[in-house]
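# Structural characterization, general
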Amino acid sequence: MCMVNKEIVSLINNNQEFILTSHVNPDGDSIGSEIALQKYLSSLGKSAKVLNYSPTPANYTFLDSDNVIEQFNEVHHKNLIENTDVIFVLDTNEYSRLRTLEPFIKSSKAKKILIDHHLGYDPVSGLFDSYIVDTDSPATGEMLYKFFKNIAEDSSQDIKDIVTRDMAVALYAAIMTDTGSFKFNRTDSETHDIISELLSYGLNPYDIYSEIYNRATLGKLHLLGRFLNKITMIYEGKAAYSVVSQSDFEETQTDEYAIEGFSSHLMSLETVELGIVITETKRGVKLSFRSKGNVRSNELAGEFQGGGHMNASGAFVPGAKLESIVKEVISKAEKYLK
Ligand code: 5GP
Ligand code: MN
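Below: a short report on this structure. As the structure is a prediction and not an experimental result, all values here were calculated from the model.

Along the protein chain, the regular secondary structure elements total 13 helices and 12 strands. Taking 2.2 N^0.38 as the reference for a compact globule, 338 residues should give roughly 20 Å; the C-alpha atoms of the protein chain span a radius of gyration of 20 Å, in line with that estimate. Expressed as lengths along the three principal axes of its C-alpha atoms, the size of the protein chain is roughly 60 × 40 × 40 Å. Classification of the 338 residues of the protein chain by burial places 51% in the buried group. Look at the contacts in the protein chain between residues 6 or more apart in sequence, and 65% of them connect residues 24 or more apart. Each charge class in the protein chain was averaged separately, 33 positive and 47 negative side chains, and the resulting centres sit 4 Å apart.

For soluble globular proteins, the rule of thumb is that nonpolar side chains tend to be buried together. Residues L37, Y40, L41, F88, F148, V163 and L198 are the most contacted members of the largest nonpolar core, which totals 50 residues. It is helix α6 (residues 165-178) that contributes the most residues to this core, 9 residues altogether. Sequence-distant contacts of Y40, that is, excluding residues within four places in its chain, are made with I12, F148, I151, I162 and M167. Residues A239, V285, L300 and Y336 belong to the second largest nonpolar core, which totals 25 residues.

Bringing the side chain of T177 into the picture now. Position of T177 relative to the elements: it lies in helix α6. Side-chain polar atoms of T177 contact the backbone oxygen of A174, separated by 3.1 Å. Residues within four places of T177 in sequence aside, it is in contact with G28, D29, Y60, I212 and Y213.

In this section: the coordination of the manganese ion (ligand 2). Protein-derived ligands of the manganese ion (ligand 2) are D29 (OD), D91 (OD), H117 (NE2) and D178 (OD), with the metal-ligand distances lying across 2.1 to 2.3 Å. Linear spacing of the donor residues for the manganese ion (ligand 2) on their chain is D-x61-D-x25-H-x60-D. Within this pair, whereas D91 is found in the loop between β4 (86-90) and α4 (102-107), its partner H117 is found in the loop between β5 (111-116) and β6 (130-133), the two being separated by 26 residues in sequence. Pair check on accessibility: D91 and H117 agree, each one buried.

Before going further, it helps to examine the packing of aromatic side chains. With the rule as written, the count across this model stands at 10 aromatic pairs. With a centroid separation of 6.4 Å and 25° between ring planes, the pair formed by F18 and F88 is classed as stacked. Here the residue F18 occupies a position in strand β1 (residues 17-21), and F88 occupies one in strand β4, the gap between them amounting to 70 residues. This pair shows no difference in class: F18 is buried, exactly as F88 is. Where F147 meets F148, the ring centres are 6.0 Å apart and the plane angle is 50°; that geometry is what we call tilted. Given the relative accessible area of 0%, F148 is considered buried. Three or more aromatic residues joined by ring pairs form one cluster here, namely Y95, Y121, F128 and Y131. Over the face of the ring belonging to Y201 we find K160, whose NZ or CZ atom lies 4.7 Å from the ring centre. The positively charged end of K332 is found above the aromatic ring belonging to F304, 5.0 Å away from the centroid.

With respect to the element layout, K146 can be found in helix α5 (residues 140-154). For K146, a relative accessible area of 27% puts it in the partly exposed group. Measuring from C-alpha to C-alpha, the distance between K146 and I194 comes to 8.4 Å, with 48 residues separating the pair along the chain. Other than its neighbours up to four places away in sequence, K146 contacts D134, E190 and I194.

This part is about the site of ligand 1. Not every one of the 14 residues close to ligand 1 is listed here, only the nearest: E94, H118, K286, S288 and R290. Contact distances for ligand 1 include 2.8 Å between an oxygen atom and a side-chain N or O atom of R290. Note that an oxygen atom of ligand 1 is positioned 3.1 Å from one of the backbone N or O atoms of G314. Isolated, ligand 1 exposes 490 Å² of accessible area, and the fraction of that covered by the protein chains is 82%. If you tally residues by element for the shell around ligand 1, the top one is strand β12 (residues 312-318), at 5 residues. When residues of the shell around ligand 1 are assigned to domains, at least three map to each of domain 1 (5-211) and domain 2 (218-337).

Reading the values: the criteria
Residues numbered from 1 in each chain as written. Chains lettered and ligands numbered in written order. Predicted model: local features only at pLDDT ≥ 70, side-chain atom pairs only at ≥ 80, totals over all residues. Heavy atoms only, no water. Helix = DSSP H or I, 4+ residues; strand = E, 2+ residues; numbered from the N terminus. Rg over C-alpha atoms; globule rule 2.2 N^0.38 Å. Buried < 20%, exposed > 50% of the residue type's maximum accessible area, 1.4 Å probe, protein only. Contact = heavy atoms within 4.5 Å. Lys, Arg positive; Asp, Glu negative; His and termini not counted. Charge placed at Lys NZ, Arg CZ, Asp CG, Glu CD. Core = buried A, V, L, I, M, F, W, Y, C linked by side-chain atoms within 4.5 Å. Polar contact = N/O pair within 3.5 Å; in protein donor to acceptor, adjacent residues only side chain to side chain. Donors = N, O, S within 2.8 Å, 3.2 Å for Na, K, Ca; no water. Phe/Tyr/Trp six-rings, centres within 6.5 Å; stacked < 30°, edge-to-face > 60°. Lys NZ or Arg CZ within 6 Å of the ring centre and 35° of its normal. Near = heavy atom within 4 Å. Areas by Shrake-Rupley, 256 points an atom, 1.4 Å probe, with all protein chains shown as cover. Domains from an automatic or database assignment.

What follows is the structure in structure tokens.
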């Protein structure tokens, strides 16, 4: 059955200037989704710009071989955002996660379209003119592939005339990273069917994995060593947390991007149902939550004005002090452990 979102298709067909954006600290799903959609819009002869608050992490720049992603600059991009026809927000439904782009996008007269798989979007809010939200989907990239497939079916086109090889690489990377290399809960047979179709473009899974994950510096491993040494078990081992401080980054010559994947070590502990990574950044403290089963980590994140998915969520507390946040997180975590 074909369920193409006609509203979004007509917004694409009837407009010329597009801006795409995603959340602060973009991940593989953000960048992969942006690149795939940018290439699709370009193939239709549209002008499509990608503007992000954060620079693209080095391990995802291979997806942007044409250098289309620009880092947002108020002076350069203010008028562009104001005058564009359509703005796509991908992989987050929270304007605050667009950081400094928020006021410009909100006040732009452009039509705003959301494509996202996070919990918490309230359609009644009217914050977006059109949206595709699927909280059961493991990745925005998977939702986009289905969107392209629906367009192909609806217009009797071959999917390969819509999704090119470069787009397939971007979507594969989006899905691979957001599913934790196909192991997280929402990975299902449909995900593997889509991955199978993407692999039919002749993609090399090892090469893509390697571009993204086999790029550690010695400093990153030393940072991981510190992180592992500081793991603390609480609540009879049902929860574990560890802290990364500014001095850890400085002394290992790493930055905040280096902590990607650290939470999985907490979750590898047999008794742990809730893992918490507490990171001191220059602007405040970042909390990263992971959980198993029915432990609602997103609600805990919500207590710190964050959010996400039930088993993977986060929050950012501007200006917070590390020691006081650690105490607060520990005490608030208890009630989620049944
Ligand atoms: P991570 O721990 O990998 O940074 O984030 C895991 C998930 O938590 C993300 O996919 C996102 O859904 C959510 N998340 C992380 N940081 C924030 C935040 O500051 N605010 C909100 N609302 N969600 C976040
Ligand atoms: Mn995602």
